[in-house]
2 protein chains.
Amino acid sequence: MNSLTITAVPHIPHIQPGDNLAELILHALSHANLALADGDVLAIAQKIVSKAEGRLVRLADVQPTDRAIEVAAQTDKDPRVVELILQESEEISRMRKGVLVVRHRLGFTSANAGIDRSNVAQSGGEETVLLLPLDPDASAGKLRDEIAARLGVQVGVVITDSHGRPFRLGTVGIAIGVAGLPALWDRRGEPDLYGYQLQHTDVAVADEIAAAAGLLMGQAAEGMPVVLVRGLNLPTRDARATDLVRPKEMDLYR
Amino acid sequence: MNSLTITAVPHIPHIQPGDNLAELILHALSHANLALADGDVLAIAQKIVSKAEGRLVRLADVQPTDRAIEVAAQTDKDPRVVELILQESEEISRMRKGVLVVRHRLGFTSANAGIDRSNVAQSGGEETVLLLPLDPDASAGKLRDEIAARLGVQVGVVITDSHGRPFRLGTVGIAIGVAGLPALWDRRGEPDLYGYQLQHTDVAVADEIAAAAGLLMGQAAEGMPVVLVRGLNLPTRDARATDLVRPKEMDLYR
């Protein structure tokens, strides 16, 4: 039968900068008697990838520019956090009191460039902010390669984040890094139920995987940042999450 | 372990107007030896709900207004289909050649009010178009109630559709009808990993369920319009998919 099993991997430790994420994930998997197989997909929350990659910035070290101070005043945010948001962004999409939506340098349009208060941690009594990985697609590829090297299995990796959306309330999991599976599944031209040729059938399969994983990850509070998805039978692809970014000229809502 | 199983229910027959959907789904479930249990969630593709509810319109019966003819010219679409799109909509959100995004009377913002060529069927040699259910939340509630009456089990029901999005390419499954589970899960105030109070943690859980189901439903071509999701442990709620509609005053991208 056409079926998926989606399992939150227990006992993932709190990740520290410099940790070997692949090693820690594989340890947790074996501890849970979960043996990876070819075609499995690991969905991994952005926070632990960024943590392992040392993307923490001490707010005390941030000097806000005049521009950041001005945007902070308009949005009611910490000027130091706004400075980092602007550094991480290509352009401001929308802003108003309490809201700063930007187009991230990676192309993703989201609130606060993925930086929010829930990413702010006390480490050694200092306020730090967690930025997105420098290159989440590369991070996903590195994890995939390291797992292949250690276990000899080919898995897909999706690095997930939680985004709000225009038109709809609530956050959903989305893919910001992808390796070893299609991000966007172009099924254009396949006949539909009635024999018509489907016109627009690109399925954002990596986003659907991230959303499915989000059902188990919930919020950071639950400490379930790694989810194993089994049964997808997706083709192996050399894809990137940036394939999911709508080109500006195709976006009617910039 | 924290785990979900997501199963596409095999042997759902082609649905005809007037069919008893609950009966056909329960028959397919028992045929597949899938016994529903309290807390299970059924994700059901909008197309078969609309079909069963007789939401087919013969294009030959549609008289386009001048407005529809004008919009059809601007968007390169069939004036009769545009007429139906406008009848189903509150307002046009964006349009250009080949694109007509509207705010549906139900509040959802989507292309063509959920009507597209892949919904056009030949029935008795006539072109017909399939509209969304009149009230998908009510349709979901009716299915939930009928299943409770027949089996004595309390299931959640999510009626799903496939939407494109601003900023991102590809379609994802979203919820247009919900019964017996939260559409939006407000976890505001729960502490995050670092002990901070999370500020914005409404999770669009019904949309994540729809996206997860979308991984198995794929396109209509696959004929897998019913998906069983087991293991969610969601609270029973009297929720509606319209809870997921962002109020206009809160939407920066209208």
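Please read these numbers as outputs of a predicted model, since none were measured by experiment. (Residues numbered from 1 in each chain as written. Chains lettered and ligands numbered in written order. Predicted model: local features only at pLDDT ≥ 70, side-chain atom pairs only at ≥ 80, totals over all residues. Heavy atoms only, no water.)

### Thoughts on the packing of aromatic side chains
Residue and element names in this part refer to chain A.
Part 1: In total, this model carries two aromatic pairs over all chains according to the counting rule given.
Part 2: Ring geometry for F167 and Y253: centres 5.1 Å apart, planes at 75 degrees, overall edge-to-face. Note that F167 is positioned in the loop between β9 (156-163) and β10 (172-179) and Y253 in the segment after β13 (226-230), a separation of 86 residues in sequence.
Part 3: Overall, the relative accessible area of 9% leaves F167 in the buried class. (Phe/Tyr/Trp six-rings, centres within 6.5 Å; stacked < 30°, edge-to-face > 60°. Helix = DSSP H or I, 4+ residues; strand = E, 2+ residues; numbered from the N terminus. Buried < 20%, exposed > 50% of the residue type's maximum accessible area, 1.4 Å probe, protein only.)

### Side note on the sheet that holds strand β5 (residues 99-104) of chain A
Residue and element names in this part refer to chain A.
Part 1: Across the sheet, which stays open at both edges, the three strands sit in the order β4-β5-β6 with antiparallel pairing between neighbours. On the outer flanks of this sheet lie β4 (89-96) and β6 (109-111), each paired with one strand and no other. Along the sheet, successive strands turn relative to each other by an average axial angle of 25 degrees, direction set aside.
Part 2: When β5 meets β6, the two strands line up antiparallel, connected through three bridges. Opposite V102, over in β6, you have S110 as the bridge partner. (Pairing = 2+ DSSP bridges. Axes fitted to C-alpha atoms, helices over the stretch in contact; angles between N-to-C directions.)

### Side note on the domain arrangement of chain A
All names here are of chain A.
Part 1: We note that the domain assignment places domain 1 (5-55 + 133-250) and domain 2 (56-130) within chain A.
Part 2: Across the contact, 19 residues belong to domain 1 and 17 residues belong to domain 2.
Part 3: Between domain 1 and domain 2 the total buried area reaches about 1300 Å² when both faces are included, carbon and sulfur atoms providing 57% of it.
Part 4: Inspection of the domain 1/domain 2 interface yields three salt bridges.
Part 5: Between K248 and E91 there is a salt bridge, and its shortest N-O distance comes to 3.7 Å. (Domains from an automatic or database assignment. Contact = heavy atoms within 4.5 Å. Buried area = accessible area lost by both parts, 1.4 Å probe. Salt bridge = Lys/Arg side-chain N within 4 Å of Asp/Glu carboxyl O.)

### Here's the deal with helix α5 (residues 136-151) of chain A
Because an α-helix packs 3.6 residues into every turn, residues spaced three or four apart end up facing the same way.
Residues and elements named next belong to chain A.
Part 1: Compared with the 22 Å implied by 1.5 Å per residue over 16 residues, the 22 Å span of α5 between its first and last C-alpha is a close match.
Part 2: P136, D137, S139, A140, G141, L143, R144, E146, I147 and A148 are the residues of α5 that are buried.
Part 3: Looking at the buried positions of α5, the neighbouring elements they touch are α1 (21-31), β2 (41-45), α2 (46-52), β9 and β10.
Part 4: Downstream of α5 by a residue or two, G152 has a phi angle that is positive, lying close to 70 degrees. (Expected span 1.5 Å × (residues − 1).)

### A closer look at unusual backbone geometry
Part 1: Of note, N233 of chain A is a non-glycine position whose phi angle comes to about 50 degrees, a positive value.
Part 2: With a phi angle near 65 degrees, H11 of chain B is a residue other than glycine that sits in the positive phi range.
Part 3: By the element assignment, H11 of chain B lies in the loop between β1 (3-8) and α1 (21-31).
Part 4: Judged by relative accessible area, which is 60%, H11 of chain B ranks as exposed.

### A closer look at the sheet that holds strand β5 (residues 99-104) of chain B
All names here are of chain B.
Part 1: Read from one edge to the other, the open sheet built from three strands follows the order β4-β5-β6, with strand pairing classed as antiparallel. Either end of the sheet is taken by a strand with one partner, and the two such strands are β4 (89-96) and β6 (109-111). Going from strand to strand, the sheet's axes swing by 25 degrees on average, the running direction of each strand aside.
Part 2: Two strands pair when backbone bridges link them, and β4 and β5 are joined in this way by six bridges, in the antiparallel orientation. Residue pairing in the sheet places E91 in a bridge with R103 of β5.
Part 3: Taken strand by strand, helix α3 (residues 66-75) contacts β4 and β5, and its axis lies near 30 degrees from that of β4.

### As for the pairing of β10 of chain A
Residue and element names in this part refer to chain A.
Part 1: β10 sits mainly inside the fold: eight of its eight residues count as buried.
Part 2: Note that β9 and β10 share seven bridges and pair antiparallel. By the bridge assignment, I159 is partnered in β10 with G177.

### A closer look at the pattern of salt bridges
All names here are of chain A.
Part 1: Tallied over the full model, the rule gives 30 salt bridges over all chains.
Part 2: Residue R80 pairs with D78 through a salt bridge whose shortest N-O separation is 2.7 Å.
Part 3: Its salt-bridge partner being D243, residue R240 comes within 2.9 Å of it at the nearest N-O pair.
Part 4: On the basis of relative accessibility, which here comes to 26%, the residue D243 falls in the partly exposed class.
Part 5: When salt bridges with common partners are traced through the structure, they connect E90, E91, R103, K248 and R254 into a single cluster.

### A look at the packing of α1 of chain B against helix α5 (residues 136-151) of chain B
How two helices sit against one another is set out by the angle between their axes and by the gap between those axes.
Residues and elements named next belong to chain B.
Part 1: With their axes 9 Å apart at the nearest point, α1 and α5 run at an angle of 55 degrees to one another. One way to sum up the angle between α1 and α5 is to call them oblique. For the crossing formed where α1 meets α5, the hand is right-handed. Where α1 abuts α5, its residues L21, A22, E23 and L26 lie against L143, E146, I147, R150 and L151. (Parallel < 35°, antiparallel > 145°, perpendicular 65-115°, else oblique. Left-handed = near helix turned anticlockwise from the far one by under 90°.)

### Notes on the pairing of β5 of chain A
Residue and element names in this part refer to chain A.
Part 1: Within β5, five of the six residues are buried, leaving the element largely enclosed by the surrounding structure.
Part 2: Taking the residues between adjacent antiparallel strands as the criterion, β4 and β5 are bridged by two residues, where G98 takes a positive phi near 85 degrees.
Part 3: In textbook terms, the turn of a hairpin is the stretch between consecutive antiparallel strands, and for β5 and β6 this stretch comprises four residues, one of which, G107, has a positive phi near 105 degrees.

### Describing the packing of helix α3 (residues 66-75) of chain A against helix α4 (residues 79-87) of chain A
Residue and element names in this part refer to chain A.
Part 1: Where α3 contacts α4, the axes come no closer than 8 Å and their chain directions differ by 115 degrees. Regarding the angle of α3 to α4, the classification is roughly perpendicular. By crossing handedness, the relation of α3 to α4 is classed as right-handed. Along the contact surface, α3 presents R67, A68, I69, V71, A72 and T75, while α4 presents P79, V82, E83 and L86.
Part 2: Class assignment for the residues of the contact of α3 with α4 results in seven nonpolar, one polar and two charged. (Nonpolar A, V, L, I, M, F, W, Y, C, P; charged D, E, K, R; others polar.)

### A short note on the environment of I147 of chain B
Residues and elements named next belong to chain B.
Part 1: Relative to the assigned elements, I147 resides in helix α5.
Part 2: Residue I147 is classed as buried on the basis of its relative accessible area of 2%.
Part 3: Residues I147 and I25, 122 residues apart in the sequence, show an inter-C-alpha distance of 9.5 Å.
Part 4: Setting aside chain neighbours within four positions, we find I147 in contact with L26, L36, L42, G152, V153 and V155.

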